[in-house]
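# Fold and contact review
Listed here are the chains, written in short residue letters.
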Amino acid sequence: MKSPRERIIETTFQLFARQGYNSTGINQIISEAEVAKASFYQHFKSKEDLCVAFLKVRHEYWFGELNHFIAKEKSLKSKIINAFDFLVYMNEKENFRGCSFLNILSEIPMDNTKILSVIQSHKADLRNFFSELLNNDELSDHVYMLFESSIIESQLFKSNELIEKSKKIVTNLIQ
């Protein structure tokens, strides 16, 4: 059985994805996670702290899945193409929920540096992921931007079409 903290994080993911950050209240999370209010506050001081914890768990999960997804590939090119296939996989798995980080970013005030810094860190890690693979800043940033825009467009249109087009572009970019 999952711990109260795990149930809270899991419920948070479902509710934030379905309703958004601002429309999800602590009492609803407590109720749907089936935890006591005291148990919630034992783990999280506030909704903001819960959001930070959720995003950190999501970051670890997402990168773990991505690295597992591309691990079997031998060539650099196939690793990068498979990273785009990973987006298709995640869209199918999570019904085009898009990027949890960008979804929350759109709901928080820009002066919320506590949450903003976690989102920025996630995106910096993704940018570094491509930079480390390609070892060419201009090319890796190009691939990163295609990757990011593929996430947004696929969520917006509930389609993997632009992911597939991005894969073709990346195939031509990487020699």
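Cut-offs used in this document
- Residues numbered from 1 in each chain as written.
- Predicted model: local features only at pLDDT ≥ 70, side-chain atom pairs only at ≥ 80, totals over all residues.
- Heavy atoms only, no water.
- Core = buried A, V, L, I, M, F, W, Y, C linked by side-chain atoms within 4.5 Å.
- Buried < 20%, exposed > 50% of the residue type's maximum accessible area, 1.4 Å probe, protein only.
- Helix = DSSP H or I, 4+ residues; strand = E, 2+ residues; numbered from the N terminus.
- Contact = heavy atoms within 4.5 Å.
- Axes fitted to C-alpha atoms, helices over the stretch in contact; angles between N-to-C directions.
- Parallel < 35°, antiparallel > 145°, perpendicular 65-115°, else oblique.
- Left-handed = near helix turned anticlockwise from the far one by under 90°.
- Nonpolar A, V, L, I, M, F, W, Y, C, P; charged D, E, K, R; others polar.
- 1 Å grid on protein atoms, 1.4 Å probe; cavity = no way out; pocket = protein on both sides within 12 Å on 5 of 7 lines; lining within 4 Å.
- Points joined across faces, edges and corners; volume = space filled by probe spheres on them.
- Salt bridge = Lys/Arg side-chain N within 4 Å of Asp/Glu carboxyl O.

## Quick notes on the nonpolar core
Leu55, Trp62, Phe84, Ile104, Ile115, Phe130 and Phe147 are the most contacted members of the largest nonpolar core, which has 52 residues in total. When contributions to this core are tallied by element, the ones reaching two or more residues are helix H1 (4-19), helix H2 (26-33), helix H4 (47-70), helix H5 (76-94), helix H6 (100-105), helix H7 (113-134), helix H8 (137-157) and helix H9 (161-173). If you tally residues by element for this core, the top one is H4, at 10 residues. Filtering out sequence-adjacent residues up to four positions away, tryptophan 62 remains in contact with Phe86, Leu87, Met90, His122, Leu126 and Phe147.

## Focus on the packing of H1 against H2
Running from amino to carboxyl end, H1 crosses H2 at an angle of 125°, the nearest separation of the two axes being 9 Å. As far as their axial angle goes, H2 and H1 are oblique. H1 and H2 meet at a crossing whose hand is right-handed. Together, Arg7, Ile8, Thr11, Thr12, Leu15, Phe16, Arg18 and Gln19 of H1 and Gln28, Ile29, Glu32 and Ala33 of H2 make up the contact between the two elements. Considered class by class, the residues forming the contact of H1 with H2 number 5 nonpolar, 4 polar and 3 charged.

## Considering the layout of surface pockets
As a volume, the largest pocket reaches approximately 250 Å³. If you trace the largest pocket, you find it lined by Lys2, Arg5, Glu6, Ile9, Glu10, Phe13, Gln14, Phe54, Val57, Arg58 and Tyr61. Counting residues per element, the ones that place at least two in the lining of the largest pocket are H1 and H4. Top contributing element to the lining of the largest pocket by residue count: H1, with 6 residues. When the residues that make up the lining of the largest pocket are grouped by side-chain class, the tally is 5 nonpolar, 1 polar and 5 charged.

## As for the pattern of salt bridges
Under the criterion given, the structure shown has 11 salt bridges. Between lysine 167 and aspartate 85 there is a salt bridge; the shortest N-O distance is 2.5 Å. In this pair, lysine 167 is assigned in helix H9 and aspartate 85 in helix H5, connecting sequence segments 82 residues apart. The class of lysine 167 is buried, set by a relative accessible area of 15%. The residue glutamate 148 makes a salt bridge to lysine 123 at a minimum N-O spacing of 2.8 Å. Pair noted here: glutamate 148 is in helix H8 and lysine 123 is in helix H7, with a separation of 25 residues, a long-range link. Ionic contacts of the salt-bridge type, sharing partners, join the residues Glu48, Asp49 and Lys114 into one network.

## Here's the deal with unusual backbone geometry
Located in the positive-phi region is phenylalanine 96, a residue other than glycine, with phi close to 55°. In this fold, phenylalanine 96 is placed in the loop between H5 and H6. Under the relative-accessibility criterion, phenylalanine 96 is labelled buried at 14%. Despite not being glycine, lysine 158 has its phi angle at roughly 50°, a positive value. Position of lysine 158 among the secondary structure elements: in the loop between H8 and H9. Exposure remark for lysine 158: the relative accessible area of 52% places this residue in the exposed category.

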